[in-house]
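Per-entry structural report
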Amino acid sequence: MNRLVIVSNRVADLENQVQSGGLAVALGEAIRSVGGIWFGWDGNVEEEGTPLTVTQTVQNNVTVATIPMTGQDYDEYYLGFANKVLWPVCHYRLDLVQFEPAYLEGYKRVNKTFANALAPLLKPDDLVWVHDYHLMSLASELRALGAKQRLGFFLHIPFPPPELLQAIPAHDWLIEALFRFDVLGFQTSNDASNFHRFVSEHAGGVTRTCGRIEAFGKTIVAKPFPIGIDVEEFAAAAQTAEAASQIERLNRRTIVRSHIIGVDRLDYTKGLPERFKAFGKLLETHPEHLKTVTFMQIAPPTRIEVEAYANIRKELEELSGAINGEFGDFDWTPLRYIHRTVPRNTLAALFRGCEVGLVTPLRDGMNLVSKEYVAAQNEDDPGVLVLSKFAGAAEELEEALIVNPYNIDDMANAMQIALKMPLKERKQRHSALLARIKKHDVRHWRKSFLEVLTACKPEAVS
Ligand code: ADQ
């Protein structure tokens, strides 16, 4: 078995698996079984001129190798090119792009710094698996240093259609850099086909069978590998004695009969203002829910230095205040809006205790919350998932109530259908959804990607 090297912007906390979640556990498990390295930024920002040295901690056969970055790197690479250019374009939000030439330089510089620091740690037979939009030019930097290893890349966020991709300054350079990997993994067939379309229409590429595509003098594999969750682990977390007491606490407010829940990072892609408005619409059009339904939105702030994130927070505070002001009463708060990260076990319990799960992003690579909500349900009395057609998960989770998150009435209507859905239909939909998330769980995702990467010939690399 080849050693596995995972590279991502941030390194997951392999010690604290309860907090870090399914992905960290699944990848950590893979490294532990074959031995290897997890490499990434340590989260620290150093003064300009401080040497950026790699720190390695070794536990059994796993090395966690991390490196700090400078304030300039943080501003230009992380906040700049990654989060003010790539993130909005990949989520179809050209209106939020803020580009400065220094951002691109910062992105190239940090990818190069990562490559310089990682290259000496690699062994010839390693399988290197790079994650996400921060590190799209890492393979090209590693190849420039002579790396011949098999290099794979997985994009956790959507890959936009060519018409939007072209809004990224230097997108041609970025696509050519991606061709220095051997395997590119996308969340959905839509994302993979957007990539194929760009390469064939704008880079003279030729699509072959089995996801292979030829361009820039090289043939690589570029196909979907939809990510999943650890279904058994999450289902078990929802059924502990502690979870039962949390659910009991939720129901102690006897005045409320049904709970609706949303859990997302506070991000403009997650469709939160639209969701809040839809809940307001539900109360307005179906007054029978007054005092009997609550909506709990858990949304911890992220990337607060980026203006668009501060704006969304302000908008949500105003909307939740307006809804509670209009509909609430001294003994009932219709919308509870919580700004904190919640331990995974508590999340699992809350999902199980809530009759409706709202997952309504305007655009999302996959969305793991949708799968966690399904996994946490009581099979004998399951809740209903309301899912945006623009979440990658909608390609698989057909039995959810699929909504257009831009259409407030459509979402309010889906909430009403969910709240009224008979047990028989809830069970039918849930068992179909559960079967799907079990079939494509996180281990299947990892195994299928690594099988394709292992099957590449390292000598095929130029
Ligand atoms: P995210 O945009 O972060 O991930 P998501 O897939 O929903 O979105 O994953 C979020 C994870 O964080 C889930 O496991 C969820 O339970 C957890 N989480 C969210 N809010 C939390 C809170 N308040 N407290 C504790 N935990 C919380 C990116 C892409 C997605 C893609 C994933 C994985 O944007 O589209 O599905 O990567 O590839």
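Structure: see above.
Figured I'd write up the structure that's included with this text. Keep in mind that what you see is a predicted model, and the values were worked out from it rather than measured.

**A word on the sheet that holds strand β14 (residues 356–359)**
- Here six strands make up an open sheet; going across it, the order is β13-β12-β11-β14-β15-β16 and the pairing parallel. Looking at the sheet topology across the chains shown, the edges are occupied by β13 (335–338) and β16 (401–403). Averaged over all adjacent pairs, the angle separating strand axes in this sheet is 20°, with direction ignored.
- Inspection of the sheet shows strand β15 (residues 384–388) paired to β16 by three bridges, in the parallel sense. By the bridge assignment, Leu387 is partnered in β16 with Ile402.
- Along the sheet, helix α14 (residues 368–376) contacts β11 (258–263), β14 and β15; its crossing angle with β15, the most-contacted strand, is approximately 170°.

**Details of the packing of helix α3 (residues 71–90) against helix α4 (residues 101–118)**
- Close contact between α3 and α4 brings their axes to 8 Å; oriented N to C, the two are set at 110°. Taken together, the axis directions place α3 and α4 in an arrangement best described as roughly perpendicular. Considering how the two elements wind past one another, α3 and α4 form a crossing that is left-handed. Contacts between α3 and α4 involve Gln72, Asp73, Asp75, Glu76, Tyr77, Gly80, Phe81, Lys84, Val85 and Leu86 on the former and, on the latter, Ala102, Tyr103, Leu104, Gly106, Tyr107, Arg109, Val110 and Asn111.
- Residues of the contact of α3 with α4, tallied by class, amount to nine nonpolar, four polar and five charged.

**Focus on the site of the ligand**
- In the neighbourhood of the ligand, 22 residues make up the surrounding shell, with His156, Val342, Asp364, Leu368 and Glu372 lying closest.
- Here a nitrogen atom of the ligand and a backbone polar atom of Arg340 are 3.2 Å apart.
- In the model, an oxygen atom of the ligand is placed 2.6 Å from a nitrogen or oxygen of the Glu372 side chain.
- When the free accessible area of the ligand is taken as 710 Å², the share hidden by the protein chains comes to 85%.
- Going through the elements one at a time, α13 (344–353) and α14 are the ones with two or more residues in the shell around the ligand.

Conventions adopted
- Residues numbered from 1 in each chain as written.
- Predicted model: local features only at pLDDT ≥ 70, side-chain atom pairs only at ≥ 80, totals over all residues.
- Heavy atoms only, no water.
- Pairing = 2+ DSSP bridges.
- Helix = DSSP H or I, 4+ residues; strand = E, 2+ residues; numbered from the N terminus.
- Axes fitted to C-alpha atoms, helices over the stretch in contact; angles between N-to-C directions.
- Contact = heavy atoms within 4.5 Å.
- Parallel < 35°, antiparallel > 145°, perpendicular 65-115°, else oblique.
- Left-handed = near helix turned anticlockwise from the far one by under 90°.
- Nonpolar A, V, L, I, M, F, W, Y, C, P; charged D, E, K, R; others polar.
- Near = heavy atom within 4 Å.
- Polar contact = N/O pair within 3.5 Å; in protein donor to acceptor, adjacent residues only side chain to side chain.
- Areas by Shrake-Rupley, 256 points an atom, 1.4 Å probe, with all protein chains shown as cover.

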